[in-house]
Structures are given as C-alpha cells and as structure tokens.
Amino acid sequence: MSHVLDKLFATIVARRGADPKISYTAKLLAEGVERCAKKFGEEAVETVIAASADKKAEVVTESADVLYHLMVLWAACGVEPDQVWQTLASREGRSGLEEKASRK
Ligand SMILES: N=c1c2ncn([C@@H]3O[C@H](COP(=O)(O)OP(=O)(O)OP(=O)(O)O)[C@@H](O)[C@H]3O)c2ncn1[C@@H]1O[C@H](COP(=O)(O)O)[C@@H](O)[C@H]1O
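Everything quoted here is computed from the prediction, not taken from an experiment.

Asks: Lay out the site of the ligand in plain terms, naming residues and giving numbers.
Replies: In the vicinity of the ligand, the residues found are Leu-8, Thr-11, Arg-15, Ser-23, Tyr-24, Thr-25, Ala-26, Asp-65 and Tyr-68. Listed by contribution, the elements that provide at least two residues to the shell around the ligand are helix 1 (4–15), helix 2 (24–31) and helix 4 (56–77).

What follows is the structure, encoded as structure tokens:
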C-alpha cells in the first residue's frame, strides 16, 4: 500500500464510524452512498469548469478533490481500489478504440 491513493483509501476506511464532528470523511460516509455520489459529481463539475476556463492551478486542486471524493464513494459502495487498478491493468496494451469496440 505505497501508492498515495491506496494510503488515502486506507485513511478513508479507517474514518468510518468516527465522530462526524471531527472527521469530514466520517460525516460523508454516515450520510450514505447518494450523498457521497453527489459530492463526487459536484467536484467533477468544478473540475470541468476550471478546465474550461483554462485555470490550471484550479484544475490541480479540484482534481485532488475529485480523487478524494471518488475514493469516499468507493468506500461507501464497497469497492476496493485494487479492483479498479486491476481493471485498468487489464486494459494495458489495448488501444482505446479496441476497448470501445469491446463494449458494444
Ligand atoms: N483529501 C482529502 C480531502 N479533499 C477534499 N476534502 C474536503 O472535501 C470538501 C469539499 O469541498 P467543498 O467545497 O464541497 O466543501 P464543503 O462546502 O465544506 O462541503 P459540504 O458541506 O457540501 O459537504 C472540503 O471540506 C475539503 O476539506 C478532503 N477531506 C479529507 N481529505 C483526506 O482525508 C483525510 C481524513 O480527513 P477527515 O475525515 O476530515 O479526518 C485527510 O487527512 C486528508 O488526507
């Protein structure tokens, strides 16, 4: 678990059940999957807006928010990062167009 995202996920999971007054993650998880999904969507939209306005520094910070909220959403849904890493790894070496065709 050396990857920064694996470490962040471990922190997120460890916050489950913690005091929501102290931990933002605990608060989000206690509010349920739909709330976590909504927050992820909001942060994604904020990234879109920053990118469209060519605000590179904001794209960086909003992207960090997106990744954090995506991992909170995984924790809320019972998805493990390794499942996503393995899915990405299984696509290595294939072209994006090949991947697109396999989904039809
Ligand atoms: N990486 C993050 C991280 N990125 C973004 N955020 C929070 O996500 C929120 C998103 O921004 P918004 O502008 O939507 O915030 P908001 O208006 O306060 O949010 P809402 O009231 O709508 O929920 C902010 O409150 C940020 O602080 C994060 N909160 C926590 N972490 C990591 O999670 C760890 C555990 O945090 P706690 O659970 O708070 O202890 C931290 O040490 C960090 O490593």
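Asks: Now, about the nonpolar core: what can you tell me, with residues and values included?
Replies: Across soluble globular proteins, nonpolar side chains have a tendency to be buried as a group. Residues Cys-36, Met-71, Val-72, Leu-73, Ala-75 and Ala-76 are the most contacted members of the largest nonpolar core, which totals 14 residues. Elements that contribute at least two residues to this core include exactly helix 1, helix 2, helix 3 (33–52) and helix 4. In terms of residues, this core owes the most to one element, helix 4, which gives eight residues. Once you skip the residues sitting within four places of it in the chain, Met-71 turns out to touch Leu-5, Leu-8, Phe-9 and Ile-12.

Asks: If you had to explain helix 2 to someone new, which residues and values would you point to?
Replies: All buried positions along helix 2 are accounted for by Thr-25, Leu-28 and Leu-29. One face of helix 2 carries all of its buried residues, which in axial projection span an arc of 95°. The inward-facing, buried residues of helix 2 contact helix 1, helix 3 and helix 4. Directly after helix 2, the chain includes Gly-32, whose backbone phi takes a positive value near 100°.

Here is what the cut-offs are and how they apply
Residues numbered from 1 in each chain as written. Predicted model: local features only at pLDDT ≥ 70, side-chain atom pairs only at ≥ 80, totals over all residues. Near = placed C-beta within 6 Å. Helix = DSSP H or I, 4+ residues; strand = E, 2+ residues; numbered from the N terminus. Core = buried A, V, L, I, M, F, W, Y, C linked by C-beta atoms within 7 Å. Buried ≥ 20, exposed ≤ 12 C-beta atoms within 10 Å, placed from the backbone. Contact = placed C-beta atoms within 7 Å. Arc of directions from axis to C-beta.

Purely geometric stuff here, so don't read any function into it on its own.
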